[in-house]
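# Coordinate inspection notes
Below are the chains, spelled out letter by letter.
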Amino acid sequence: ADVAYLRSVLPSSTDDAFFDYLATLDASEVTVTAIPEGSVIFARVPFLQVKGPLLVVQLLETTLLCLVNYASLVATNAARFRLLAGPDVKLMEMGLRRAQGPDGALSASKYSYIGGFDCTSNILAGKLYGIPVRGTIAHSFIMSFSSLEEVQPRELPPRDGGDPVDLPALAVSWLERVCDLLQIPAGKTNRGELAAFVSYAVTFPCDFQGLLDTYCVRRSGLPNFCAVALALHQLGYQAIGVRLDSGNLAQQSKEIRTVLRACGTHFQVPWFGTIPIAVSNDISEQSLEELSREGSEINMIGVGTNLVTCPLQPSLGCVYKLVEVSGSPCLKLTEDEEKMTIPGVKSIYRLHDAAGHPFMDLMALEEEPAPDAGQELVIRVLGRLGETTTVIPSAVEPLHRTYFRDGQVCEPLPSLPEVRSHAQESLRQLNPSHRRLREPQPYPVAVTEKLHRLFLELREASQ
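These numbers come from a predicted model, not from an experiment.

Attention shifts here to the state of the cysteines. Counting across every chain of the model gives zero disulfides. We note that C119 lacks a disulfide partner, and the nearest cysteine sulfur, in C310, lies 18 Å from it. Exposure remark for C119: the relative accessible area of 5% places this residue in the buried category. Residue C226 stays outside any disulfide, its sulfur separated by 4.1 Å from that of C263, the closest cysteine.

This next bit is on the packing of helix 3 (residues 54-85) against helix 11 (residues 285-294). Packing of helix 3 against helix 11 leaves a shortest axis separation of 9 Å and a crossing angle of 10°. By the angle between their axes, helix 3 is roughly parallel relative to helix 11. Here helix 3 contributes N77, R80, F81, L84 and A85 to the contact with helix 11, which in turn contributes E285, L288 and E289. Among the residues forming the contact of helix 3 with helix 11, the class breakdown is four nonpolar, one polar and three charged.

Before going further, it helps to spend a moment on the pattern of salt bridges. For the structure shown, the criterion picks out 16 salt bridges. In this structure, R243 and D245 form a salt bridge, with 3.6 Å as the shortest nitrogen-oxygen distance. Given the relative accessible area of 9%, R243 is considered buried. We note a salt bridge from R401 to E411, for which the minimum N-O separation is 3.6 Å. Placement of R401 in strand 18 (residues 401-405) and of E411 in the loop between strand 19 (408-409) and helix 13 (416-429) is noted, with a sequence separation of 10 residues between them. One connected set of salt bridges, linked through shared partners, spans R82, D118 and R420.

Approximately 590 Å³ is the volume attributed to the second largest pocket. Looking at the second largest pocket, it is lined by 22 residues, and the ones nearest its centre are M94, R97, R243, D245 and S280. In terms of residue class, the lining of the second largest pocket is built from six nonpolar, 10 polar and six charged.

Further remarks concern the UniProt feature "domain: Nicotinate phosphoribosyltransferase C-terminal" (unreviewed entry) in the protein chain. UniProt feature "domain: Nicotinate phosphoribosyltransferase C-terminal" (unreviewed entry): in the numbering of this structure it lies at residues 346-454. This span, residues 346-454, is 22% helix and 35% strand, and a straight line between its end C-alpha atoms measures 12 Å.

Right, let's get into the sheet that holds strand 20 (residues 445-448). The six strands are arranged 16-15-20-14-13-17 in an open sheet whose pairing can be described as mixed. Each edge of the sheet is formed by a strand with only one pairing partner; in this case those strands are strand 16 (389-391) and strand 17 (395-398). Ignoring which end each strand starts from, the neighbouring axes of this sheet average 40° apart. As paired elements, strand 13 (residues 346-352) and strand 17 share four bridges and run antiparallel to each other. Counted as the bridge partner of H352 is A395 from strand 17. Against the sheet, helix 15 (residues 449-462) touches strand 13, strand 14 (358-365), strand 15 (377-381) and strand 20, its axis set at about 85° to strand 20.

Summarising burial for strand 14: eight of the eight residues are buried, a large majority. Examined bridge by bridge, strand 13 and strand 14 share seven bridges and lie antiparallel to one another. Residue pairing for strand 14: S347 is matched across the bridge by A364. Hairpin connection, strand 13 to strand 14: the antiparallel pair is bridged by five residues, and G356 has positive phi, about 90°. In this sheet, strand 20 lies alongside strand 14 in parallel orientation, the contact comprising three bridges. Of the residues in strand 20, the one forming a bridge with D361 is V445.

Another aspect to go through is the nonpolar core. Core analysis: the largest hydrophobic core is formed by 87 residues, its most contacted members being L167, F208, F225, F272 and I301. Aside from chain neighbours lying at most four places away, what touches I301 is V89, K90, L91, M92, V279, I283, L288 and L291. In this structure, V45, L382, V445 and F455 belong to the second largest nonpolar core, which totals 23 residues.

The next subject is the UniProt feature "domain: Nicotinate phosphoribosyltransferase N-terminal" (unreviewed entry) in the protein chain. Within this numbering scheme, the UniProt entry marks residues 2-69 as carrying the feature "domain: Nicotinate phosphoribosyltransferase N-terminal" (unreviewed entry). With 46% helix and 12% strand, residues 2-69 has its two end C-alpha atoms placed 25 Å apart.

On to a nonpolar patch on the surface. On the surface, Y5, L6, V9, L10, F18 and Y21 cluster together into a nonpolar patch covering about 530 Å² of accessible area. Of all the secondary structure elements, the ones that give two or more residues to the nonpolar patch are helix 1 (2-9) and helix 2 (16-22). Ranked by residue count, the leading element in the nonpolar patch is helix 1, at three residues. Considering the arrangement of structural elements, one finds F18 in helix 2.

Our next topic: the environment of Q424. With respect to the helices and strands, Q424 occurs in helix 13. For the pair formed by Q424 and A17, sequence separation is 407 residues and the distance between their alpha carbons is 51 Å. Apart from the residues lying within four places of it in its own chain, the contact partners of Q424 are R82, I114, G115 and G116.

Quick notes on the rules
- Residues numbered from 1 in each chain as written.
- Predicted model: local features only at pLDDT ≥ 70, side-chain atom pairs only at ≥ 80, totals over all residues.
- Heavy atoms only, no water.
- Disulfide = S-S within 2.5 Å.
- Buried < 20%, exposed > 50% of the residue type's maximum accessible area, 1.4 Å probe, protein only.
- Axes fitted to C-alpha atoms, helices over the stretch in contact; angles between N-to-C directions.
- Helix = DSSP H or I, 4+ residues; strand = E, 2+ residues; numbered from the N terminus.
- Parallel < 35°, antiparallel > 145°, perpendicular 65-115°, else oblique.
- Contact = heavy atoms within 4.5 Å.
- Nonpolar A, V, L, I, M, F, W, Y, C, P; charged D, E, K, R; others polar.
- Salt bridge = Lys/Arg side-chain N within 4 Å of Asp/Glu carboxyl O.
- 1 Å grid on protein atoms, 1.4 Å probe; cavity = no way out; pocket = protein on both sides within 12 Å on 5 of 7 lines; lining within 4 Å.
- Points joined across faces, edges and corners; volume = space filled by probe spheres on them.
- UniProt positions renumbered as here; feature names shortened; annotations may be inferred.
- Pairing = 2+ DSSP bridges.
- Core = buried A, V, L, I, M, F, W, Y, C linked by side-chain atoms within 4.5 Å.
- Patch = residues over 30% accessible without salt bridge, like charges linked within 9 Å, V, L, I, M, F, W, Y side chains within 5 Å.
- Areas by Shrake-Rupley, 256 points an atom, 1.4 Å probe, with all protein chains shown as cover.

Below, the structure written as structure tokens:
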């Protein structure tokens, strides 16, 4: 069917033998080597190398770049959020409604998880990929209630057994006590909001959480939540969190934590003061930096638009270039040195210092022997090719592995959690000077002297 379609769109003068040839194409002669998924990759380093018949490997170009570019972009964006948030704050991906279509949304959920996010609100991504899923009450759910009379069912049995209890009535009694403690008029809290909380709590008593800012956090959302959470506690259950979706998130989190601690102390419920606080509301890198500067009591952050649409860099410019044909290295020349290709089939090595941090990636021709740890290497750093540099690595890590040969996958592919773990370890190994997001120290990429000579020879031959 594909060949028939091509016949319909190509010029009628196209030789029939070309279509016959297309029908014979397969991947049995293709070999793919790559740097393992989840590795930190630096500019100019070839992370994927494809060998095979020229027409076949040319046909793979668009597909491979499509699969790699957005995935790497989202994983990188997610890793930046993780670095800003720190290791202790939970990050939830919640960009499904802002992503570029369903396929983009699934890719964003998958690769933000690799980049360091803990969970997703995308249930299909959870089903397909095993990513932990999380969610919270919606504003529309809270707004759909107007009174406690709408709560059905109303009764909840204690966790350890016993007669069911009328939860709305119990919550109202606790609300009076909470409002008295907080010096808030009980009659000023929104009863529809209280009804929504009670209805949710009856259905999910072990997973009760509150969205506090549908109306007013201080005068309604927070006391209503505390009342329902304390009612659940009386029956043997424990609330799991609250969420904020507007306002000064850092300041409100501190105020909420103060109230939760006060309730915990006054009503002798020790765990109450440690209830997790989650926030959302168009979170960006700048938002995380501000939260870090101000200090907060936030335990979980939901990120959507600024994660999945990657506004700081909407596309990733990975390229796919021919470096050898029929055994002869080839070179694309341009006045812009950064766009010149590095010729020949190459092996890639990551050089580590005595502290275990990678300090340079080295490209060598495939036929060159691998460098040894402790060996003095004379190399040329890209961007400074006119001068030689001497380095002595404490450890040498070959980066490329062969994943596909003779039409078959020949290396076990890691699971998604394994890729995520590898990505986080790759980031952890980086020197802090290379890992920082503001004005990082440039990470050098170099070539061997032999590869540099080949580059010069090809450049001179082309001029």
